[in-house]
Amino acid sequence: MELQQLDRYAKALIKEAGRKIRHSLTYELVIESKADANDLVTNMDKEIEQFFIEHIRKDYVGHAILGEEGFGDDLLSLNGYVWMLDPIDGTMNFIHQQRNFAISLGIFKDGIGVFGYIYDVMNDELYSAQKGHGAYLNDEPIPVLESTTISKAIIGMNASWVVPNRHIENEGLIRLVKDVRGIRSYGSAALELAYVSTGRIDAYMSMRLSPWDVAGGVVIAEEVGAVATNLKGQPLKFLGQDTFIVARKSLHDSLLANYITLK
Ligand code: 2AM
Ligand code: CA
Ligand code: CA
Ligand code: CA
């Protein structure tokens, strides 16, 4: 298969899906809760996932699809081509703000990320990368990240980190909040990965993410020299949920060694 053709195809689908989402803002959304009252999903999350799946199943027979809203395949392995799709990452922002959400897509082959895409729909900004070929924001190459220190770092993380929880010791997190330059919480894992990749923030971490939240972003982040693992420092499996951290290597290692103590 011609990889450049696959890249063009994926980008065209993403742009078309983005147009559909922007257009949908003129209509009233149907909003439902999933696992809990604040875990939201709309008709557009479902429609956009189905839009991708219909096209991929027709044009790339044999490729598997892993999508948040469950219209894709139930996968036990990552053999062959697998499209990991989050049709709207940051659904709460989509509903409340009509911005700060993204389409997140990773195309993997035999468990290795080949293409990554994050589309900031309202800003018409497409972050993309092909493994080994660098990362782009629209048509501009994204420079490789320079190293930084904790004291100059802005860290993306969720406010739930400061609530005592069963995953991580609070003591290290309190020290972290004091030691870093700033903390940000954007509410879209995919956009936070895009921001780490472009140096707008220096790290992003989460206690629970799924493959479709990070698949595209990890391909992009690795192309600019960032490292992504779970909070134990282990490689990501992209099958099932896990903890997550992404940052350039020195910062990643320092965060795990000095601030994140798993219970
Ligand atoms: P989503 O908007 O696609 O659900 C919010 O901090 C980030 O965490 C978003 O990227 C959100 O993705 C993701 N997330 C993953 N699991 C979630 C859950 N159960 N409830 C809310 N957000 C979740
Ligand atoms: Ca969701
Ligand atoms: Ca998501
Ligand atoms: Ca989603």
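Only a predicted model underlies this, so the values are computations on that prediction, with no experimental measurement involved.

### Description of the sheet that holds strand β8 (residues 135-137)
In step 1: Spatially, the seven strands line up as an open sheet ordered β3-β4-β5-β6-β7-β8-β9, and their pairing is mixed. Bordering the open sheet on either side are β3 (64-67) and β9 (140-141), each of which pairs with just one other strand.
In step 2: Of the strand pairs in this sheet, β3 and strand β4 (residues 81-89) are connected by four bridges, and their pairing is parallel. Looking at the pairing, Leu66 lines up with Met84 of β4.
In step 3: Packed onto the sheet, helix α1 (residues 3-24) meets β4, β5 (102-109), β6 (112-120) and β7 (125-130) and runs at close to 160 degrees relative to β5.

### Some words on the site of ligand 1
In step 1: In the vicinity of ligand 1 lie 13 residues, with Asp39, Asp89, Gly90, Thr91 and Ala189 positioned nearest.
In step 2: Here the residues of the shell around ligand 1 are counted per class, giving three nonpolar, five polar and five charged.
In step 3: Counting only domains with at least three residues in the shell around ligand 1, you end up with domain 1 (3-141) and domain 2 (150-258).

### Description of the domain arrangement of the chain
In step 1: Domain parsing of the chain yields domain 1 (3-141) and domain 2 (150-258).
In step 2: Look at where the C-alpha atoms of domain 1 and domain 2 centre, and you get two points 21 Å apart.
In step 3: Contacts between the two partners involve 33 residues from domain 1, matched on the other side by 24 residues from domain 2.
In step 4: Looking at the side of domain 1 that touches domain 2, the elements that each hand over two or more residues are β3, β4, α3 (91-97), β5, β6, β7 and β8.
In step 5: Among the elements that take part in the side of domain 1 that touches domain 2, β6 stands out by supplying six residues, more than any other.
In step 6: For the side of domain 1 that touches domain 2, the residue count by class is 17 nonpolar, eleven polar and five charged.

Rules of the game
- Residues numbered from 1 in each chain as written.
- Chains lettered and ligands numbered in written order.
- Predicted model: local features only at pLDDT ≥ 70, side-chain atom pairs only at ≥ 80, totals over all residues.
- Pairing = 2+ DSSP bridges.
- Helix = DSSP H or I, 4+ residues; strand = E, 2+ residues; numbered from the N terminus.
- Contact = placed C-beta atoms within 7 Å.
- Axes fitted to C-alpha atoms, helices over the stretch in contact; angles between N-to-C directions.
- Near = placed C-beta within 6 Å.
- Nonpolar A, V, L, I, M, F, W, Y, C, P; charged D, E, K, R; others polar.
- Domains from an automatic or database assignment.

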